[in-house]
Amino acid sequence: MTTVPPLSPLLLAGVLMRPAPMPVMRSVAWPLLAALRRTLAAVLVDRLPYDGIVRIEPLELPVALLLTAEKGHLDLDLVAPGMGRADAVIRAPLDVLLQIAGGDGALDGDAGLFSRRLELHGDVGLAMAVRYALEQVDAAPLNLLERMPGGRPMAAIAGRLAAWYGRAADDLERVRQAAVEPLRAELARQDARMRDLADEVADLRRRVPSPSRMREAADGNAA
Amino acid sequence: MATRPELVCPAGTPAALAAAVEAGADAVYFGFRDRTNARNFPGLNFSREEAAEAIEHCQARGVRPLCAINTFPVADDDQPWREAIDWAARHDVFAVILADIGMIAYAAERHPDLRLHLSVQASAANPEAIAFYAETFGVKRVVLPRVLTVEQIRDLIAAVDTETEVFVFGGLCVMAEGRCTLSSWAAGRSPNKDGVCAPAEAVRYVQDGDTMVSRLGDFTLDRVAPGEPAGYPTPCKGRFRANGRVRHLFEDPVGLDATELVPALAAAGVAALKVEGRQRGPSYVAQVVRSLRRIVDRLEDGPTPGPGPTGSGTRHLLEGGEATTGAYRRAWR
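Presented here is a report on the structure given in the accompanying data block. (Residues numbered from 1 in each chain as written. Chains lettered and ligands numbered in written order. Predicted model: local features only at pLDDT ≥ 70, side-chain atom pairs only at ≥ 80, totals over all residues. Heavy atoms only, no water.)

1. Topic: the overall build of chain B
Looking only at helices and strands, one finds nine helices and 15 strands in chain B. A compact globule built from 333 residues would reach a C-alpha radius of gyration of about 20 Å, and chain B, at 19 Å, matches this within 12%. Sorting the 333 residues of chain B into buried and exposed places 59% on the buried side. If you take every contact in chain B between residues at least 6 apart in sequence, the share linking residues at least 24 apart comes to 65%. Total accessible area on chain B stands at roughly 13,400 Å², and carbon and sulfur atoms take up 48% of it. (Helix = DSSP H or I, 4+ residues; strand = E, 2+ residues; numbered from the N terminus. Rg over C-alpha atoms; globule rule 2.2 N^0.38 Å. Buried < 20%, exposed > 50% of the residue type's maximum accessible area, 1.4 Å probe, protein only. Contact = heavy atoms within 4.5 Å. Areas by Shrake-Rupley, 256 points an atom, 1.4 Å probe, with all protein chains shown as cover.)

Here's what the structure looks like:
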C-alpha cells in the first residue's frame, strides 16, 4: 500500500528530521529548489494545461514539494505533507519519485501507478504535465546538483552518501526480514493449507452432481 | 534467414526521444502538442521547435524520424491536420503516419515526395484495403491492427507489395482500431478525433481505505484492492457488474509482449516492429528498446523461425504487470 512508507534509512532519516522547523528545512533545501525551479520553469510553463498547485509527497519525509504555477510563473516551496490547498497530489516512496524524476530508473510514472507504488489524487491532467516536465529536465537531485554553479563537489559527496545509503538499505532490509520472518512463515503455512482446502472443494464439486443435474436426472427418470 | 526488421520506437518528450535513439531505435515516432495525434495528453508531445530539434537529433544519428498525425479531423476543422502535414513535409521527416483518408489524399496531392505510412488507426487488415491505399495514394507502409495471427500476417504480406509494421510491446487496444466510442460516450471526448481514450480532466483517483477507486467522469471504472495491480483508467479496462458478477467485461489490464514472436514475425516478412508508449517515460523507452534491440540483432546470428526468448525482462513495465501475445497467438482459445 503506497501510504505506508517502506522501512528504509530514508524513513529513519525522516523521523530524525521531524523536530526540525520548516524554515530551517527550507533554507537547507533552497539551493536545490532554486536549481529545480530554473530548469523546470522553462519546460513546464509550455506544458501546463492551466494554472494550478501540485503537491509531491515523499512518504518517508516530513516535507512535501509544492509547485505553484500561475500566469506563466512557477514557484517551488517546501510544506508539511497534507498542508495547504493543492489541485493535485502525488504521493510515493522517495525512491519511486526519484526514479520517475530522474528518468533513468526502473519505473516511469505509469509503471509506478500500475504497481500501486504511486498514488495520484485530484487533477490528473496537472499531475501528468508536471510528471512529463520533470522527466524532461532530468530532475534527479544528483543531476541537479551537478548542473548548479559549484555543485560538482556537493554532487560528489551526495554520490558517496548514495553508496552508503545503498549499504544501509541492504542492512535494514535484512533486519526487516528477520523481524517479519515468524509472520511470513505462518502466512506461508496458512496459504498452503488454503490451497489444500481449495483442491478438496474442487474435487468434491467434481464428484457431487449439481442441483440442476440432479433435477435433470430426476426428470429423466420420471419420463 | 529472416531479414532484420526495423525497430520503431515511441517518443512523447524530447527526453524519451533521446533515450530511444541511445537505446538503439532505427526509427522514432512522435506527435505534436495538439489533437492531431492519438496521445493528446496534458504536457506530452512536441512543440514545433522541439520537433525540429528532434528531427535534427535523429538525422544526425542515422535514425528515421516519423511524425504521427493519426487522428481524424472533424469536417469543418481540418486546418490543424493540414498544417501539421505541411510542417512535417517542410522539415524532412522520414514519413508521416496518417489515419484519415482525406488527410492521406491531401498529403499525397500536396506533398508527392512525402513518404506516407498508414496508421493502425486506419484499421487496414486485408490485402484489398492495403492495396487501395498503396495504389491510390502511394502509401509505402501499413501498421497492421492488432487483430491478426502471425499466420494471417504472413499470408497478408505475401499478397501485398507494401511494407508492414506490427506492434510487439506495450499497451493493447481491444476495440476496432480507430473506431472506439466508449470513452467519448463516457467523457465527451473522442480517442479518434481528440486523441484521448480517457481525458485527464475527467479522471479521478480516490483512496477508499486501502482500495484505489478510479473514476472517469460520472463512472466508476474500477475498485482496485490492496495488492492488485492497476491499469489505465479507460472504460475498456474497467470492472463492471453484469449478471450479478463484477468482472472485466472487455479486457483485463494487460499489455502486449510479443518478444518471443519476433523471429516468427521477421520470418513472415514484417518490415518493422513497433513499440507502443508515447505516453511512457524515458526509462520505459530505454529498457524496452534496449531489450528489443538485442533480440532483433540476434536475428542475423542464427536460424529462424524458432521462438525467441520468452518474456523480455520488461514485463514489470506493462499495464497490470501482466503480458499477453494478444491476437498473434490467441492463447485464450
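Back to the text.
2. Re the sheet that holds strand β8 (residues 203-208) of chain B
Residues and elements named next belong to chain B. The strand order across the open sheet built from three strands is β8-β9-β10, with neighbouring strands paired in antiparallel fashion. Where the open sheet ends on each side, the last strands, each with one partner, are β8 and β10 (219-224). Averaged over all adjacent pairs, the angle separating strand axes in this sheet is 20°, with direction ignored. With six bridges connecting them, β8 and strand β9 (residues 211-216) associate as antiparallel partners. (Pairing = 2+ DSSP bridges. Axes fitted to C-alpha atoms, helices over the stretch in contact; angles between N-to-C directions.)

3. Brief notes about the interface of chain A and chain B
Taken residue by residue, the interface counts 28 residues in chain A and 39 residues in chain B. Carbon and sulfur atoms supply 54% of the area buried between chain A and chain B, which totals about 2,600 Å² over both sides. A per-residue breakdown of the area chain A buries against chain B is headed by Arg47(A), Phe114(A) and Arg116(A), which together make up 29% of the total. Where chain A touches chain B, the interface holds three salt bridges. Note that Arg280(B) is salt-bridged to Asp110(A), the shortest N-O span being 3.6 Å. Between chain A and chain B we count 15 residue pairs in polar contact (both at pLDDT 80 or more) in total. Secondary-structure elements contributing two or more residues to the side of chain A that touches chain B are α2 (22-47), α4 (109-114), β5 (119-122) and α5 (124-137) of chain A. Broken down by element, the residue count for the side of chain A that touches chain B peaks at eight residues, all from α5(A). (Buried area = accessible area lost by both parts, 1.4 Å probe. Salt bridge = Lys/Arg side-chain N within 4 Å of Asp/Glu carboxyl O. Polar contact = N/O pair within 3.5 Å; in protein donor to acceptor, adjacent residues only side chain to side chain.)

4. Some points on the sheet that holds β5(A)
Residue and element names in this part refer to chain A. Strand order in the open sheet made by the five strands is β3-β2-β1-β4-β5, with mixed pairing throughout. The sheet is open, and its two edges are formed by β3 (73-79) and β5, each paired on a single side. Neighbour-to-neighbour, the strand axes of this sheet turn through a mean angle of 15°, independent of strand direction. Looking at chain direction, strand β1 (residues 52-58) and strand β4 (residues 88-92) are connected through five bridges and run parallel. Bridged to Ile-56 within β4 is Ile-90. Sitting on the sheet, α5 is in contact with β1, β2 (64-70), β4 and β5, with an inclination near 65° to β1.

5. Considering α5(A)
All names here are of chain A. With 14 residues, α5 should cover 20 Å at 1.5 Å per step; its first-to-last C-alpha distance of 20 Å lies within 8% of that length. The element α5 is largely enclosed, with a buried count of 13 among its 14 residues. Between a side-chain oxygen at the N-terminus of α5 and the backbone nitrogen of Gly-125 the separation is 3.0 Å; the capping residue is Asp-123. Backbone geometry just downstream of α5 places Asp-138 in the positive-phi region, at approximately 55°. (Expected span 1.5 Å × (residues − 1).)

6. Re unusual backbone geometry
One non-glycine residue, Lys71(A), lies in the positive phi region at around 50°. Secondary-structure assignment places Lys71(A) in the loop between β2 and β3. Judged by relative accessible area, which is 71%, Lys71(A) ranks as exposed. Phi is positive for Asn45(B), close to 80°, though the residue is something other than glycine. Summarising the element assignment, Asn45(B) is placed in the loop between β2 (27-30) and α2 (48-60).

7. Focus: a nonpolar patch on the surface
A contiguous nonpolar patch, built from Val180(A), Leu183(A) and Leu187(A) and spanning about 270 Å² of accessible area, is present on the exposed surface. The class of Leu183(A) is exposed, set by a relative accessible area of 54%. (Patch = residues over 30% accessible without salt bridge, like charges linked within 9 Å, V, L, I, M, F, W, Y side chains within 5 Å.)

8. Here we look at the packing of helix α4 (residues 101-110) of chain B against helix α5 (residues 127-137) of chain B
All names here are of chain B. Two elements in contact, α4 and α5, have axes separated by 10 Å at closest approach and are oriented at 30°. The pairing of α4 with α5 is recorded here as roughly parallel in orientation. Between α4 and α5, the contacting residues are Ile-101, Ile-104, Ala-105 and Ala-108 on the first element and Phe-132, Tyr-133 and Phe-137 on the second. The class makeup of the residues in the contact of α4 with α5 is seven nonpolar, no polar and no charged. (Parallel < 35°, antiparallel > 145°, perpendicular 65-115°, else oblique. Nonpolar A, V, L, I, M, F, W, Y, C, P; charged D, E, K, R; others polar.)

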